[in-house]
Amino acid sequence: MSRKRATATSSTVKERHFSTTERRRLLLPHNNNPWLVKNLFCLFLLSLVTTVAVVKFFTFVQQPSYNAKAMSSSGSKILVYGGRGALGSAIIKHFKAKNYWVGSIDLANNEEADANILVAPESTWVEQEKAVLEHVAKVLDGQTLDAILCVAGGWAGGNAAHADFVKNADLMWKQSVWSSVLASAIASKHLKEGGLLTLTGAKPALEGTPGMIGYGMAKAAVHQLTKSLAAGDGGLPKESSVLTILPVTLDTPMNRKWMPKADHSTWTPLEYVSELMEKWANKEERPASGSLVQLLTEAGITKLVLA
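Treat the numbers as computed from the prediction; the structure is a model and nothing was measured.

**Observations regarding the side chain of S241**
Then, number 1: In this fold, S241 is placed in strand β7 (residues 241-247).
Then, number 2: With residues near it in sequence (within four places) discarded, S241 still touches G195, L196, L197, R286, P287 and S289.

In structure tokens form, the structure reads like this:
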């Protein structure tokens with residue numbers, strides 16, 4: 001009896017010992033395996049870095065930013081809306097060579113500009129207004145501008161049956177109308193009395209544009225905006241002037257790339273437009289406020305014709 005009891009007791013103890021060992025084997029990989037702990041830590045770091053990157057990306061997209069060099073209280077100052085585009089870049093280069101202080105508003109920086117204000121493309125029109133006006137006020141710090149030159153825009157074709165008709169019309173409205181209205185809002189607050197606001201329309205938009213309805217519609221709206229701003233209660237500073245240029249085709253690198261066989265002698269040079277902007281900013285040969293000025297180029301010679 002005592003031997004059987006001893007065997008049974010020994011068997012029970014062994015069984016209990018085996019169960020404890022098994023439990024330890026099951027727990028060890030979760031708590032003490034160095035490989036697993038190391039990789040879990042790496043996964044945690046990767047997740048943290050990814051989260052920070054995503055947050056920074058969306059902050060950049062949704063929040064416009066600016067940078068600016070110190071501004072002197074003396075000297076002429078202009079602001080170019082669309083300062084990173086072909087025409088905007090040419091204008092900034094021209095005015096910088098004449099010792100103007102030049103600010104740029106666009107989706108990307110212009111390294112030649114004294115100040116850059118970046119627009120968040122995914123923001124609404126009202127959000128862009130709030131952010132842009134805040135940054136312009138900070139950059140100017142109470143000073144006023146001699147001229148605001150809005151040359152932002154783009155081109156997209158298509159009639160009402162085109163697959164991207166509404167998409168292209170929306171894009172044209174944002175590129176031409178949004179920018180022109182925001183430039184006008186800036187002018188109402190920061191343009192000096194007798195200053196200049198220029199917008200960019202298009203000669204084809206004086207008539208129907210069946211092959212590019214969205215483009216023509218947006219440019220026609222800019223023409224109307226010009227007339228409204230020039231009215232007695234348009235909201236611009238006293239004795240200021242608003243003019244809109246109506247080019248046919250500008251001589252830009254992209255236009256030459258896509259239309260290499262076109263008659264380039266009928267294209268308006270960017271330097272001509274830059275010089276024209278400088279004249280108007282200095283009140284030289286400036287047409288009456290509200291004028292729509294066609295830029296007609298033939299045989300390399302450009303003439304100004306009021307619409």
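**Observations concerning unusual backbone geometry**
Then, number 1: If you check the backbone angles, K283 has positive phi at about 65° while not being a glycine.
Then, number 2: In this structure, K283 sits in the loop between α8 (270-281) and β10 (292-298).
Then, number 3: A relative accessible area of 56% means that K283 is categorised as exposed.
Then, number 4: Of note, E285 is a non-glycine position whose phi angle comes to about 55°, a positive value.
Then, number 5: Tracing the backbone through its elements, the reader meets E285 in the loop between α8 and β10.
Then, number 6: For E285, a relative accessible area of 65% gives the class exposed.

**Overview of the environment of D114**
Then, number 1: Here D114 shows up in the loop between β3 (101-106) and β4 (115-118).
Then, number 2: Note on D114: relative accessible area 8%, which makes it buried.
Then, number 3: Along the sequence, D114 and W101 sit 13 residues apart, while their C-alpha atoms lie 6.3 Å from each other.

**Here we look at the packing of aromatic side chains**
Then, number 1: Applying the stated criterion across every chain yields a total of 2 aromatic pairs.
Then, number 2: Their ring planes at 85° and their centres at 4.8 Å tell us that F95 and Y100 sit as a pair that is edge-to-face.
Then, number 3: The class for Y100 is buried, based on a relative accessible area of 8%.
Then, number 4: Relative to W178, the ring of W125 lies with its centre 5.4 Å away and its plane at 5°, an arrangement referred to as stacked. Pair noted here: W125 is in helix α4 (residues 125-140) and W178 is in helix α5 (residues 165-190), with a separation of 53 residues, a long-range link.
Then, number 5: Look at W125 and you get partly exposed, because its relative accessible area is 28%.

**Quick notes on the pairing of β10**
Then, number 1: Summarising burial for β10: 5 of the 7 residues are buried, a large majority.
Then, number 2: Here β7 pairs with β10 via 4 bridges, running parallel. For I245, the partnering residue across the bridge sits in β10 and is V293.
Then, number 3: Direction of pairing for β10 relative to strand β11 (residues 301-306): antiparallel, over a ladder of 6 bridges. When the bridges of β11 are listed, T297 appears paired with T302.
Then, number 4: Where β10 folds back on β11, the antiparallel hairpin that results is connected by 2 residues, among which A299 adopts a positive phi of roughly 55°.

**With respect to the pairing of strand β2 (residues 77-81)**
Then, number 1: Of all 5 residues making up β2, 5 are buried, and the element is well covered by its neighbours.
Then, number 2: Along β2, one buried face is formed by K77, L79 and Y81 and the opposite face, lined by I78 and V80, is buried too.
Then, number 3: Here 5 bridges tie β2 to β3, and the two strands are oriented parallel to one another. Looking at β3, one finds that L79 is bridged to G103.
Then, number 4: Chirality of the crossover, the property in question, places the unit of β2, helix α3 (residues 86-97) and β3 among those that are right-handed.

**Some points on the side chain of T226**
Then, number 1: Among the structural elements, T226 can be located in helix α6 (residues 213-230).
Then, number 2: Its relative accessible area of 0% is what places T226 among the buried residues.

**Quick notes on α5**
Then, number 1: With 26 residues, α5 should reach 38 Å at 1.5 Å per residue; the first-to-last C-alpha distance of 37 Å fits that figure.
Then, number 2: K174 marks the point of greatest bend in α5, at about 30°.

**Concerning a nonpolar patch on the surface**
Then, number 1: On the surface, M254, W258 and M259 cluster together into a nonpolar patch covering about 360 Å² of accessible area.
Then, number 2: Counting through the fold element by element, W258 comes out in helix α7 (residues 253-258).
Then, number 3: By relative accessible area, which is 62% here, W258 ends up exposed.

Parameters at a glance
In every chain, residue numbers begin from 1 and rise along the written sequence. Only residues with pLDDT of 70 or above have their local features reported here, since the model is predicted, and side-chain atom pairs are shown and tallied only from 80 upward, although totals for entire chains, interfaces and linings are computed over all residues. Only hydrogens and water are set aside; all other atoms, that is, all heavy atoms of the structure, feed into the side-chain values. Each helix corresponds to a stretch of at least 4 residues labelled H or I by DSSP, and each strand to a stretch of at least 2 residues labelled E; elements are numbered beginning at the N terminus. Residue contacts are defined here by distance: any two heavy atoms, one from each residue, within 4.5 Å place the two residues in contact. Relative accessibility decides the category of a residue: with a 1.4 Å probe and only protein chains considered, values under 20% of the type maximum give buried, values over 50% give exposed, and everything between is partly exposed. Aromatic rings from Phe, Tyr and Trp, with only the six-membered ring used for Trp, were paired whenever their centres fell within 6.5 Å, and each pair was classed as stacked if the ring planes differed by under 30 degrees, edge-to-face if by over 60, and tilted otherwise. In this description, strands pair whenever DSSP reports at least two bridges between them. Crossovers are described as right-handed under a simple rule: with the strands pointing away from the observer, the path leading from the first strand over the helix to the second runs clockwise. By definition here, a helix of n residues has an expected span of 1.5 Å times n minus one. The bend at a residue is defined as the angle formed between two axes, one fitted to the seven residues ending at that residue and one fitted to the seven starting there. Patch membership requires over 30% relative accessible area and the absence of a salt bridge. Like charges are linked within 9 Å, and nonpolar side chains (Val, Leu, Ile, Met, Phe, Trp, Tyr) within 5 Å. Calculation of accessible area relied on Shrake-Rupley with a 1.4 Å probe; when residues are assessed, cover is drawn exclusively from the protein chains displayed. In what follows, salt bridge is the name for a side-chain nitrogen of Lys or Arg lying within 4 Å of a carboxyl oxygen of Asp or Glu.

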